[in-house]
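Tertiary structure, described
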Amino acid sequence: FLDHCRALSHLSTILLQAWLLIIVILLSLSLWDAVRFWKLADFAVLTATFLQSFIVMYMVHWGWHRYDLSIDAVVKYFACGF
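The notes below deal with the structure included here. (Residues numbered from 1 in each chain as written. Predicted model: local features only at pLDDT ≥ 70, side-chain atom pairs only at ≥ 80, totals over all residues. Heavy atoms only, no water.)

1. Looking at the overall build of the protein
Here is the rule we go by: Secondary structure is summarised from DSSP: a helix means a run of H or I of at least four residues, a strand means a run of E of at least two, and numbering begins at the N terminus for each. C-alpha atoms define the radius of gyration in this analysis, and the globule rule sets the expected value at 2.2 Å times the number of residues to the power 0.38. For every residue, the accessible area obtained with a 1.4 Å probe (protein chains only) is divided by the maximum for its type, and the residue is called buried under 20%, exposed over 50%, and partly exposed between those limits. Residue contacts are counted whenever heavy atoms from the two residues lie within 4.5 Å of one another. Computed by Shrake-Rupley with a 1.4 Å probe, the accessible areas treat only the displayed protein chains as cover when residues are assessed. His residues and chain termini do not enter the charge count, which takes Lys and Arg as positive and Asp and Glu as negative. Here the site of a charge means atom NZ of a Lys, CZ of an Arg, CG of an Asp or CD of a Glu.
If you tally the helices and strands in the protein, you get four helices and zero strands. Order of helices (α) and strands (β) in the protein, N terminus to C terminus: α-α-α-α. In terms of overall dimensions, the protein is more spread out than a globule: its C-alpha atoms have a radius of gyration of 15 Å, far above the 12 Å expected for 82 residues. When its C-alpha atoms are laid out on the principal axes, the protein stretches across 45 × 25 × 20 Å. Going through the 82 residues of the protein one by one, you find that 21% of them count as buried. Sequence-distant contacts in the protein: of pairs separated by 6 or more residues, those separated by 24 or more amount to 50%. Counting every atom, the protein has about 6400 Å² of accessible surface; 72% of that belongs to carbon and sulfur. When the 5 positive and 5 negative side-chain charges of the protein are each reduced to one mean point, those points stand 4 Å apart.

2. Quick word on a nonpolar patch on the surface
What counts here: Within the patch definition used here, like charges are joined within 9 Å and nonpolar side chains (Val, Leu, Ile, Met, Phe, Trp, Tyr) within 5 Å, considering only residues with over 30% relative accessible area and no salt bridge. When a carboxyl oxygen of Asp or Glu lies within 4 Å of a side-chain nitrogen of Lys or Arg, that pair is called a salt bridge.
Side chains of L51, I55, V56, Y58, M59, V60 and W64 sit close together on the surface and give an oily, nonpolar patch of about 750 Å² of accessible area. A relative accessible area of 45% means that M59 is categorised as partly exposed.

3. Looking at the side chain of S12
Selection rule: By the criterion applied in these results, polar contacts are pairs of N or O atoms within 3.5 Å in which, for protein atoms, one can donate a hydrogen and the other can accept it, and in which residues neighboring in sequence qualify only through two side-chain atoms.
Positionally, S12 belongs in helix α2 (residues 10-31). At 2.4 Å, the side chain of S12 forms a polar contact with the side chain of D72. Apart from the residues within four sequence positions on either side, S12 is in contact with D72, V75 and K76.

4. Notes on the nonpolar core
Worth spelling out the cut-off: Side-chain atoms within 4.5 Å link the members of a nonpolar core, which is a set of buried Ala, Val, Leu, Ile, Met, Phe, Trp, Tyr and Cys residues.
Of all hydrophobic cores here, the largest spans six residues; its members are L8, M57, W62, I71, V74 and V75. Counting only elements with at least two residues in this core, the list comes to α3 (40-64) and α4 (71-80). In terms of nonpolar packing, the next biggest core, distinct from the first, is built from five residues, L26, V35, W38 and F43 among them.

5. Observations regarding α4
What α4 keeps buried is the set I71, D72, A73, V74 and V75. Count one or two residues on from α4 and you reach G81, which has phi positive near 105 degrees.

Here you go:
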């Protein structure tokens, strides 16, 4: 798995870092009491949505087609909305 992660392109790395930054910002907003429009339940729904997508991508890509498509392409397809 680490060899696949090291083979990521610069664009895929930026996409993953941007996604992680957005998730951290939304988590901090949901834990901050001053923000009324974004609650922890909203973050839980967002997390469950991404988790469901990641599980499907894992089952399809890593289960049966690991060597047919690179993880770099999978990240880019996922960012486009596959």
